[in-house]
2 protein chains.
Amino acid sequence: MLELYKGIEEDMKVVEKELQATLQAQDPFITETSTHLFYAGGKRLRPALSLLGAKFCNFKLADVIPLAVALELIHMATLIHDDVVDNSLIRRGLPTVNAKWGKATSTHIGTYLFAKSLILISQYEEKKPLITKVLSDVSVKMCEGEIRQISASFDTGQVSKDYFYRVKRKTAFLIMASVQLGAVACGADRKTYLPLRRYGNNIGMAFQITDDILDMVADQSKLGKPVGGDLRQGIITLPVIIALEKSGEKKRLVELAGKMEKSEEEVQEAIEIIRSCGAIDYSFEVVNKYLSKAKEELMALPDLPARNNLSAIADFIGIRKH
Amino acid sequence: MLELYKGIEEDMKVVEKELQATLQAQDPFITETSTHLFYAGGKRLRPALSLLGAKFCNFKLADVIPLAVALELIHMATLIHDDVVDNSLIRRGLPTVNAKWGKATSTHIGTYLFAKSLILISQYEEKKPLITKVLSDVSVKMCEGEIRQISASFDTGQVSKDYFYRVKRKTAFLIMASVQLGAVACGADRKTYLPLRRYGNNIGMAFQITDDILDMVADQSKLGKPVGGDLRQGIITLPVIIALEKSGEKKRLVELAGKMEKSEEEVQEAIEIIRSCGAIDYSFEVVNKYLSKAKEELMALPDLPARNNLSAIADFIGIRKH
């Protein structure tokens, strides 16, 4: 990870400190619960992308910091709410806020982090209104993606278009906004931020599809949570949709994927059907197409060190195993 | 209710239409779930207060509408999240979103409505940055109040100061912001919006304390939910705190209020102890003090019809029974 952030290591340390400082509340219980996920670590991909986006304009760390911190807060808020929704007990190898303090605290802490991000974003209002506009729009779309995921769960009649619609909203939009708005925070015009935005959209799609593939085929110890979680919850991801088109065992897969309560053996059987028909390989090909597109977009930008970082991040998404 | 809104009836109809229009989503499932609470009705107190606040300045309905709708969206979001947290099945006499569609949908719909409010609020950014600043700050504080309520639940050692801290955050701040920001949206200066703000804070406190009293002594059919809900959930409200100071049966009340699982008889026994020592009457006196202060604040404002509305709203809070 460190290599990807080459040249912005010191700036990222400042972001980390600011993030930690933002999470200190008057109430020690709020500090404890809201910093729990912070201390569990994470790649801080969205803050890093905002900093790298900013490098294509008049980079001033102070101009990007509130945005960078706000992006991570929004991301953390969604993770905490997701854990309530999924009843998840483990994330990043540690008990979730949900597991430690229950759904009541988690629901409010999630909203609290989201609201905290607004205070930071409101600093840009007068001079950079686009930042609030894009982020409020993205926040609505993220919820839409999550809700659509619920209403489409266990539905084996869906097609890849339905899946891409959700992935765009759930994940790609916030990553897209991170790169774009980093540049905007430092005064970029459309000519600069539009290629960055498209780059972000493409790596965001690739990132989530990879996540969904790894949910089936990763090494559990590296994933930090049990394999097959999506299948168990009825979330129909790209490998399932492809297997439903390609596999000779479609009938059995429809039965398995659509079943509300699955045994461990049934989950494994479904993964085996998906894997054996080549749906995993095909899904990785889709990932690679998004990553190629992302890298093409970078060509419209000046050849700065930050462009190499962004390119390396795209490569990293293509090879990550957890 | 209609009399309280005398002079703004037509404007409130426009708010209602705009609110409904805002809740129409592309995804029919999102429209259905997010309009569920809308159709259950409600007083629309916060939008009304924003309109009345605006009357003290250069009132233009179009200038207040986005704020008015946003305030109700924020309020709805908190109600939906509260129902997840409390496992509530009934609100306003109807099944909650939580009861109908489960906690996953409710959690995301709550956040969705909150995010939707941001889109509306972001319209004010360039010209009225105070609106976003106040509302993001209030949103954080509302979560803080809710979280503090959880960490203080079943704690019979708390005092009225702890209770007022939570009530201010949970309820009073948003009501305060409604009246204040309505005026700000129409260009009011501090001299106008500060008395409105203080009025809002005082009626907000009175409103929540009344709510907490009625949770114990209201007619269940009028309350729209079972009586004694707070006690059952371990939320220690003003009547309990006063009874813990005044009642001869303190020891038994500590036992009952601190008990995690209470039988129906125990809830009724606790209410009887609270009622018989005069804690309900004393709590109503506290409400009346807040209402008097609210009405005093109004005296600093010009004698416009809207001032009569605000005064009547304060009176209504003092006599409401559900």
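Residues numbered from 1 in each chain as written. Chains lettered and ligands numbered in written order. Predicted model: local features only at pLDDT ≥ 70, side-chain atom pairs only at ≥ 80, totals over all residues. Heavy atoms only, no water.

1. Observations concerning the UniProt feature "coiled-coil region" (unreviewed entry) in chain A
Next up, step 1: Following the UniProt record, the feature "coiled-coil region" (unreviewed entry) maps to residues 246-273 of chain A here.
Next up, step 2: Structurally, residues 246-273 of chain A comprises 68% helix and 0% strand, and the distance from its first C-alpha atom to its last is 10 Å. (UniProt positions renumbered as here; feature names shortened; annotations may be inferred. Helix = DSSP H or I, 4+ residues; strand = E, 2+ residues; numbered from the N terminus.)

2. Structural notes on the interface of chain A and chain B
Next up, step 1: At the junction of the two partners, chain A supplies 40 residues and chain B supplies 40 residues.
Next up, step 2: The largest share of the area that chain A buries against chain B comes from Lys103(A), His108(A) and Ile147(A), three residues that together contribute 17% of it.
Next up, step 3: Our enumeration of links across chain A and chain B arrives at two salt bridges.
Next up, step 4: Of the charged contacts in the structure, one is a salt bridge between Asp27(A) and Arg148(B), with a shortest N-O distance of 2.4 Å.
Next up, step 5: For the pair chain A and chain B, the number of links is eight residue pairs in polar contact (both at pLDDT 80 or more).
Next up, step 6: Counting residues per element, the ones that place at least two in the side of chain A that touches chain B are helix 2 (28-39), helix 4 (61-86), helix 5 (97-121) and helix 6 (129-151) of chain A.
Next up, step 7: The greatest single-element share of the side of chain A that touches chain B, amounting to 14 residues, is contributed by helix 6 of chain A. (Contact = heavy atoms within 4.5 Å. Buried area = accessible area lost by both parts, 1.4 Å probe. Salt bridge = Lys/Arg side-chain N within 4 Å of Asp/Glu carboxyl O. Polar contact = N/O pair within 3.5 Å; in protein donor to acceptor, adjacent residues only side chain to side chain.)

3. What to know about the relation of the copies chain A and chain B
Two copies of the chain are present, and they differ by a rotation about an axis and a shift along that axis.
Next up, step 1: Once turned by 180° and shifted 0.0 Å along the axis, chain A lies on chain B with an RMSD of 0.0 Å. A rotation of that kind, with that shift, is consistent with a two-fold axis. When C-alpha distances to the rotation axis are compared across chain A, the minimum falls at Glu126(A), with a value of 2.3 Å.
Next up, step 2: Residue by residue, 100% of the interface of chain A is reproduced at the interface of chain B, so both copies engage with the same surface. (Least-squares fit on C-alpha atoms with pLDDT ≥ 70 in both.)

4. As for the packing of helix 2 (residues 28-39) of chain B against helix 4 (residues 61-86) of chain B
Residue and element names in this part refer to chain B.
Next up, step 1: Direction vectors running N to C along helix 2 and helix 4 enclose 100°, while the axes themselves pass 11 Å from each other. Viewed along their axes, helix 2 and helix 4 adopt a mutual orientation that is roughly perpendicular. Of helix 4, the residues touching helix 2 (which contributes Ser34, Leu37 and Phe38) are Met76, Leu79 and Ile80.
Next up, step 2: Taken together, the residues that form the contact of helix 2 with helix 4 break down as five nonpolar, one polar and no charged. (Axes fitted to C-alpha atoms, helices over the stretch in contact; angles between N-to-C directions. Parallel < 35°, antiparallel > 145°, perpendicular 65-115°, else oblique. Nonpolar A, V, L, I, M, F, W, Y, C, P; charged D, E, K, R; others polar.)

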